Amino acid sequence: MTQADYPERPAGRDRWILARRGPKNRLDPFRPYAFLWEEERGINGDPVSTATLFLTNRECPFRCLMCDLWQNTLDATVPSGAIPRQIEYALARLPEARQVKLYNAGSFFDPRAIPREDDLAIARLCARFERVIVESHPAFIGERARIFRCLLPQTTVLEVAIGLETVHPEVLERLNKRITVAAFQRAARFLADHGMDLRVFLLLRPPFLSEAEGVEWACRSLEVAFDAGATACTVIPTRGGNGAMEDLARAGYYAPPALRSLEIVQEYGIRLRAGRVFADLWDIEKFAHCACSAARIARLERMNRTQEVPPSVPC
């Protein structure tokens, strides 16, 4: 495989990515496929208890090159009322929390994923939280988001997370996400104009970048995200596991980033003092390849918790 073998047009990339997929997991449309209780550092610096729900719903219409979230999605829209039942099910089994994350492996405001008629019931279930965090592609951020914000109490903050991934223009295009930096910035302005907060997801070393380029462009991406008004950015080390990434790895166009690179990017973002910067540590052990890895992971956890840069870890 060469870079030329990876299609240049979106329709061709869709087919190429889909051809490399495995089977989906079997899911119940009336149950979230996962949920957990966690703490994260809040805007004011205090630890905030968080109920994080991974909702079961129809697959995202965008076929992103690096995505493996499709494995926990359905092929059809869930019945009306299913999403509120999922939320009730998870919240009844989790400790009390101050904020809730409703993540759905796509876009919360996509009507084929989350039925529009469920918005009022969802808002009522979330009314007790100080902050409600959902995720969405910029293409779905508009009037529905504004109305959903109005359904929540005035004392509840609605925060929308956008996967910008990278501001490298060629790589962003090749990720097949159907997003541009300009579209991200327009969505960010819409959120700000309507009283909603912004969170941004960024990739560390997406395909087609070297280790050094991955660090450089992740740092540039942090700057763009904070300039657009993000209150928090999560840096995600790009993972394999979806078939397409394995083909790219065999051809030499993708390799997992080093833990040290994740540290460098998080350090850079924290020192900007523009907002919180979290390293995504899900399955982080996959990136542990050295005797110093455990200490590096502990250091990343500490930076997530304190938003300060501790002494570096020797290798």
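Coordinates for the structure precede this section.
Residues numbered from 1 in each chain as written. Predicted model: local features only at pLDDT ≥ 70, side-chain atom pairs only at ≥ 80, totals over all residues. Heavy atoms only, no water.

1. Side note on the overall build of the protein chain
- Within the protein chain, the secondary structure is distributed over ten helices and eight strands.
- Expected size for 315 residues packed as a compact globule is a radius of gyration near 20 Å; at 19 Å, the protein chain falls within 12% of this value.
- For the protein chain, the spread of C-alpha atoms along the principal axes amounts to about 50 × 45 × 35 Å.
- Of all 315 residues assigned to the protein chain, the portion counted as buried reaches 55%.
- Long-range pairs, those at least 24 residues apart, make up 77% of the contacts in the protein chain with a sequence separation of at least 6.
- When the accessible surface of the protein chain is totalled, it reaches about 13800 Å², and 52% of it is carbon and sulfur.
- Taking the average place of the 42 positive charges on the side chains of the protein chain and the average place of its 40 negative ones, the gap between the two points comes to 2 Å. (Helix = DSSP H or I, 4+ residues; strand = E, 2+ residues; numbered from the N terminus. Rg over C-alpha atoms; globule rule 2.2 N^0.38 Å. Buried < 20%, exposed > 50% of the residue type's maximum accessible area, 1.4 Å probe, protein only. Contact = heavy atoms within 4.5 Å. Areas by Shrake-Rupley, 256 points an atom, 1.4 Å probe, with all protein chains shown as cover. Lys, Arg positive; Asp, Glu negative; His and termini not counted. Charge placed at Lys NZ, Arg CZ, Asp CG, Glu CD.)

2. Examining the sheet that holds strand β2 (residues 47-54)
- If you trace the eight strands from one edge of the open sheet to the other, you get β1-β2-β3-β4-β5-β6-β7-β8, paired in mixed fashion. Unpaired on one side and paired on the other, β1 (34-41) and β8 (276-279) mark the two borders of the sheet. With direction set aside, neighbouring strand axes in the sheet form an average angle of 25°. (Pairing = 2+ DSSP bridges. Axes fitted to C-alpha atoms, helices over the stretch in contact; angles between N-to-C directions.)

3. With respect to the side chain of Thr50
- Topologically, Thr50 is positioned in strand β2.
- With relative accessibility at 0%, the residue Thr50 sits in the buried group.
- Residue contacts for Thr50: discarding those within four places in its chain leaves Leu36, Trp37, Glu38, Glu40, Ala97, Gln99 and Lys101.

4. Concerning the environment of Leu209
- Relative to the helices and strands, Leu209 resides in the loop between β6 (197-204) and α7 (211-227).
- Relative accessible area serves as the criterion here: at 7%, Leu209 is assigned to the buried category.
- Taking the C-alpha atoms as reference points, Leu209 and Ala255, 46 residues apart in sequence, are found 8.9 Å from one another.
- Sequence-distant contacts of Leu209, that is, excluding residues within four places in its chain, are made with His168, Val171, Gly214 and Trp217.

5. Here's the deal with the pairing of strand β7 (residues 232-237)
- Of all six residues in β7, six are buried, a share of seventy percent or more.
- Side chains Ala232, Thr234 and Ile236 project from β7 onto one buried face, and the interleaved Cys233, Val235 and Pro237 project onto a second face that is buried too.
- When β6 meets β7, the two strands line up parallel, connected through six bridges. The partner of Leu203 across the bridge, within β7, is Ile236.
- The β-α-β motif built from β6, the intervening α7 and the parallel element β7 has right-handed crossover chirality.
- Alignment of β7 against β8, held across four bridges, turns out to be parallel. If you follow Val235 over to β8, its bridge partner there is Ala279. (Right-handed = clockwise from strand over helix to strand, strands pointing away.)

6. A look at the pattern of salt bridges
- A full pass over the atoms with the stated rule returns 34 salt bridges.
- Its salt-bridge partner being Arg205, residue Glu211 comes within 2.8 Å of it at the nearest N-O pair.
- For Arg205, a relative accessible area of 13% puts it in the buried group.
- A salt bridge links Arg260 to Glu267, with the nearest nitrogen and oxygen atoms 3.0 Å apart.
- Linked through salt bridges whose partners overlap, the residues forming this network are Glu38, Glu40, Lys101, Arg131, Glu159, Asp197, Arg199 and Arg276. (Salt bridge = Lys/Arg side-chain N within 4 Å of Asp/Glu carboxyl O.)

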